[in-house]
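# Chains, contacts and geometry: an overview
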Amino acid sequence: MSKKIILSGMRPTGKLHIGHMSVLENWVRLQDEYQCYFMAADWHALTTSYDATADIKDNIYEMMIDFMAAGLDPERSVLFVQSQVKAHAELHLLFSMMTPLSWLERCPTYKDQMVQLKEQGKDINTYGFLGYPLLQAADILIYGASAVPVGEDQLPHLEMTREVARRFNHLYESKVFPEPKALLSEQTALLPGIDGRKMSKSYGNEIAISATPEEIWEKVRMMVTDPQRIRKNDPGHPEVCVVYKYQQIYNREESDGIADVCRKGEMGCFDCKKRLAAVLDGFLAPVRDRRAQLAGKPETVRDVLEDGRIRAMTKAEETMEQVREAMQI
Ligand code: TRP
Ligand code: SF4
């Protein structure tokens, strides 16, 4: 029996941050059970940043190093770049012919993101942005994926992917596409940035996976704590403190004790932050070491992506043969 297939992807935003680690750890585990395809979704990046393309290649490179440093294994999994497998574009085009416009207009992420980006001064009233969920459907269905590990925000896209698969199979009386299910990863993705807002490189509130001990301390030092706590012995409120959120995730065993001494005013924020920085460093050190080994070897990354391109393309072409046959084109 051949293994079930998984596909997932991330936009290449450059070096990943600690908030991405839980997603990557989940992907790493899935490699044991599934044939996995993991891609840099560079065409997706264009749907919202078509006017800022100068860094895309570097961003792909840095992200792929993070992927491998976190434990994605190019021997087992196919690591590739979306735009290097042109068949995604062909399938996207064919899907665009048969998908009712209303499906796309109704997609909840469409209006939400449009409003959000408008606030940031970006105009994404484009054809490509509207069709983005279909590109995602093509990414997934072209590999015959039966499961897609995603965050909650991507669920509407996955639902649309299933609808597109059903519609295609029905229209062309075929069984080309299985309907993929979502594998919801548990959400440490909700890890806030050091200022308490959503973690994002654009806010500068992130902790990079590749951060050195000094960089980790610099970020932890700046973390927002309980604003009512002025002196070391003031009773604290861990529930409003960003440092404490991190303690709960990365220092679970000690976190109850920390909350306790914080409330009693028996521990200062400086000491609390020192402890957190040490724990985070312990967590990131092995990834950082593997990353450093890879960063000096651009040819290794290039070879991995070339091998990934060939393996992805081979599978994608197989599917496209079936698609063309079913459509009689
Ligand atoms: N849309 C996803 C995001 O912005 C990235 C993505 C593109 C993706 N294609 C995919 C995720 C296919 C899962 C499956 O995060
Ligand atoms: Fe936050 Fe720790 Fe300070 Fe309490 S002691 S407010 S948990 S940083």
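Definitions and cut-offs
- Residues numbered from 1 in each chain as written.
- Chains lettered and ligands numbered in written order.
- Predicted model: local features only at pLDDT ≥ 70, side-chain atom pairs only at ≥ 80, totals over all residues.
- Heavy atoms only, no water.
- Helix = DSSP H or I, 4+ residues; strand = E, 2+ residues; numbered from the N terminus.
- Polar contact = N/O pair within 3.5 Å; in protein donor to acceptor, adjacent residues only side chain to side chain.
- Phe/Tyr/Trp six-rings, centres within 6.5 Å; stacked < 30°, edge-to-face > 60°.
- Buried < 20%, exposed > 50% of the residue type's maximum accessible area, 1.4 Å probe, protein only.
- Lys NZ or Arg CZ within 6 Å of the ring centre and 35° of its normal.
- Domains from an automatic or database assignment.
- Contact = heavy atoms within 4.5 Å.
- Buried area = accessible area lost by both parts, 1.4 Å probe.
- Salt bridge = Lys/Arg side-chain N within 4 Å of Asp/Glu carboxyl O.
- Nonpolar A, V, L, I, M, F, W, Y, C, P; charged D, E, K, R; others polar.
- Near = heavy atom within 4 Å.
- 1 Å grid on protein atoms, 1.4 Å probe; cavity = no way out; pocket = protein on both sides within 12 Å on 5 of 7 lines; lining within 4 Å.
- Sits in = over half its atoms within 2 Å of the grid points.
- Areas by Shrake-Rupley, 256 points an atom, 1.4 Å probe, with all protein chains shown as cover.
- Pairing = 2+ DSSP bridges.

This paragraph deals with the side chain of Asp-66. For Asp-66, the location among the structural elements is in helix α3 (residues 56–70). A polar contact is formed between the side chain of Asp-66 and the backbone nitrogen of Leu-16, at a distance of 2.7 Å.

Turning our attention to the packing of aromatic side chains. Considering all chains together, one arrives at 13 aromatic pairs under this definition. Aromatic pair Phe-168 and Phe-177: ring centres 5.0 Å apart, planes at 70°, arrangement edge-to-face. Overall, Phe-168 belongs to the buried group, its relative accessible area being 0%. Look at Tyr-246 and Tyr-250: their rings are 6.1 Å apart centre to centre, the planes differ by 35°, and that puts the pair in the tilted class. Of the two residues, Tyr-246 and Tyr-250 both sit in helix α10 (residues 242–250), four residues apart, roughly one turn of that helix. Given the relative accessible area of 0%, Tyr-246 is considered buried. One aromatic cluster is present, formed by Phe-95, Phe-168, Tyr-172 and Phe-177 through successive ring pairs. Across from the ring centre of Tyr-203, 3.9 Å away, lies the NZ or CZ of Arg-197, which sits over that ring.

What follows concerns the domain arrangement of the protein. Where interface size is quoted, it is often the accessible area lost as the parts come together. What the domain assignment lists for the protein is domain 1 (5–191 + 298–327) and domain 2 (201–291). Computed from C-alpha atoms alone, the centre-to-centre distance between domain 1 and domain 2 is 34 Å. With 18 residues of domain 1 in contact, the opposing surface of domain 2 contributes 15 residues. A combined buried area of about 1,400 Å² lies between domain 1 and domain 2, and 65% of that area is made up of carbon and sulfur atoms. When the buried area of domain 1 at its contact with domain 2 is split by residue, Ile-18, Ala-69 and Leu-191 rank highest and sum to 40% of it. Counting every contact that joins domain 1 to domain 2 gives two salt bridges. Between Arg-291 and Asp-66 there is a salt bridge, with the nearest N and O atoms lying 2.6 Å from each other. One can count six residue pairs in polar contact (both at pLDDT 80 or more) joining domain 1 with domain 2. Of all the secondary structure elements, the ones that give two or more residues to the side of domain 1 that touches domain 2 are α1 (21–30) and α3. Here the side of domain 1 that touches domain 2 is built from residues that sort into nine nonpolar, five polar and four charged.

Take the site of ligand 2 next. Near ligand 2 you find Thr-225, Asp-226, Arg-229, Cys-241, Val-243, Tyr-244, Cys-262, Met-267, Cys-269 and Cys-272, and these make up its full shell. Judged by the fraction of its atoms near the pocket grid, ligand 2 is located in the largest cavity. Listing elements by their share of the shell around ligand 2, those giving two or more residues are α10 and α12 (269–295). Classifying every residue of the shell around ligand 2 by side-chain character gives seven nonpolar, one polar and two charged.

The next thing to look at is the pattern of salt bridges. Overall, the coordinates contain 18 salt bridges when judged by the stated rule. In this structure, Arg-275 and Glu-254 form a salt bridge, with 3.6 Å as the shortest nitrogen-oxygen distance. Taken as a pair, Arg-275 in helix α12 and Glu-254 in helix α11 (residues 252–263) lie far apart in primary sequence, 21 residues in all. For Glu-254, a relative accessible area of 35% corresponds to the partly exposed category. Here the salt bridges share partners, and the residues they tie into one network are Glu-90, Glu-317, Glu-321 and Arg-324.

What follows is about the site of ligand 1. Taken together, 14 residues lie around ligand 1, and Arg-11, Tyr-132, Gln-136, Asp-139 and Gln-154 are the ones closest in. Note that a nitrogen atom of ligand 1 is positioned 3.1 Å from one of the side-chain N or O atoms of Gln-136. Contacts to ligand 1 include Gln-154, whose side-chain N or O atom sits 3.2 Å from a nitrogen atom. In isolation ligand 1 offers 360 Å² of accessible surface; the protein chains occlude 90% of this area. No other element matches helix α7 (residues 127–141), which puts four residues into the shell around ligand 1. A per-class count over the shell around ligand 1 returns seven nonpolar, five polar and two charged.

To continue, consider the pairing of strand β1 (residues 5–10). β1 sits mainly inside the fold: five of its six residues count as buried. Where β1 lies against strand β2 (residues 35–40), six bridges are found, and the strand directions are parallel. Of the residues in β2, the one forming a bridge with Ile-6 is Cys-36.

Before going further, it helps to examine the environment of Glu-62. One can find Glu-62 in helix α3. Residues within four places of Glu-62 in sequence aside, it is in contact with Gly-14, Lys-15 and Arg-291.

Following the sequence through the fold, Leu-141 ends up in helix α7. With 32 residues separating them along the chain, Leu-141 and Thr-109 place their C-alpha atoms 20 Å apart. Residues in contact with Leu-141, not counting those within four places in the same chain, are Phe-95, Thr-161, Val-164, Ala-165, Phe-177, Pro-178, Pro-180 and Thr-319.

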